[in-house]
Amino acid sequence: MLRGLDYYTGLVFEVNLEGEKALLGGGRYDKLYQEIGGINSPALGFAVGIERLVDYLEFCGLSSELLKDNNRVDIFFFAAAPEAYLDILIWKEKLENYLLAADYNLEQ
């Protein structure tokens, strides 16, 4: 697969849904940060087309439930390790004092 960007150095991926244009795509770009910031650091990244995702959810009839205003989340914590859950719960409680809706993933 070729994504048309010359800064990718390894794995490249795209997610296409039912013949649509790419919903998301990304890859490995080990030398990009060195070219921009002068620091040698391997990296992996991706981007999501929000408008394409909303269009796809509407096409599937899922947008009314998933995109309701009362499902608002201001801050989402992603725990990559179980040890992080306690810290997340503490931060979540503190943020709710400021009327910020916070949520977190329950599984890895």
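Fair warning: this is a prediction, and the values are worked out from it, not measured in the lab.

Undergrad: Sorry if this is basic, but what is going on with the nonpolar core here?
TA: Counting residues in each nonpolar core, the largest one holds six residues, listed as Phe 77, Ala 79, Tyr 85, Ile 88, Leu 95 and Ala 102. At three residues, helix 4 (residues 85-96) tops the list of elements feeding residues into this core. What Ile 88 contacts, discounting residues up to four positions off in sequence, is Phe 77, Ala 79 and Tyr 104.

Undergrad: Looking at this model, I keep getting lost on the packing of aromatic side chains. Mind explaining?
TA: To describe a pair of aromatic rings, one takes the distance between the centres and the angle between the planes. For the structure shown, the criterion picks out one aromatic pair. Look at Tyr 85 and Tyr 104: their rings are 6.4 Å apart centre to centre, the planes differ by 65°, and that puts the pair in the edge-to-face class. Of the two residues, Tyr 85 sits in helix 4 while Tyr 104 sits in strand 5 (residues 102-104), which places them 19 residues apart along the sequence. Directly above the aromatic system of Trp 91 lies the positively charged group of Lys 94, at a separation of 5.9 Å from the ring centroid.

Undergrad: Before we go on, may I ask you to explain the pattern of salt bridges in this structure?
TA: Pairs may arise between side chains of opposite charge once their charged atoms sit close together. Counting across every chain of the model gives two salt bridges. Here Asp 30 makes a salt bridge to Arg 28, at a shortest N to O gap of 2.7 Å. A salt bridge links Lys 92 to Glu 96; the nearest nitrogen and oxygen atoms lie 2.6 Å apart. Placement of the pair is Lys 92 and Glu 96 together in helix 4, with a separation of four residues, close to one helical turn.

Thresholds applied
- Residues numbered from 1 in each chain as written.
- Predicted model: local features only at pLDDT ≥ 70, side-chain atom pairs only at ≥ 80, totals over all residues.
- Heavy atoms only, no water.
- Core = buried A, V, L, I, M, F, W, Y, C linked by side-chain atoms within 4.5 Å.
- Buried < 20%, exposed > 50% of the residue type's maximum accessible area, 1.4 Å probe, protein only.
- Helix = DSSP H or I, 4+ residues; strand = E, 2+ residues; numbered from the N terminus.
- Contact = heavy atoms within 4.5 Å.
- Phe/Tyr/Trp six-rings, centres within 6.5 Å; stacked < 30°, edge-to-face > 60°.
- Lys NZ or Arg CZ within 6 Å of the ring centre and 35° of its normal.
- Salt bridge = Lys/Arg side-chain N within 4 Å of Asp/Glu carboxyl O.

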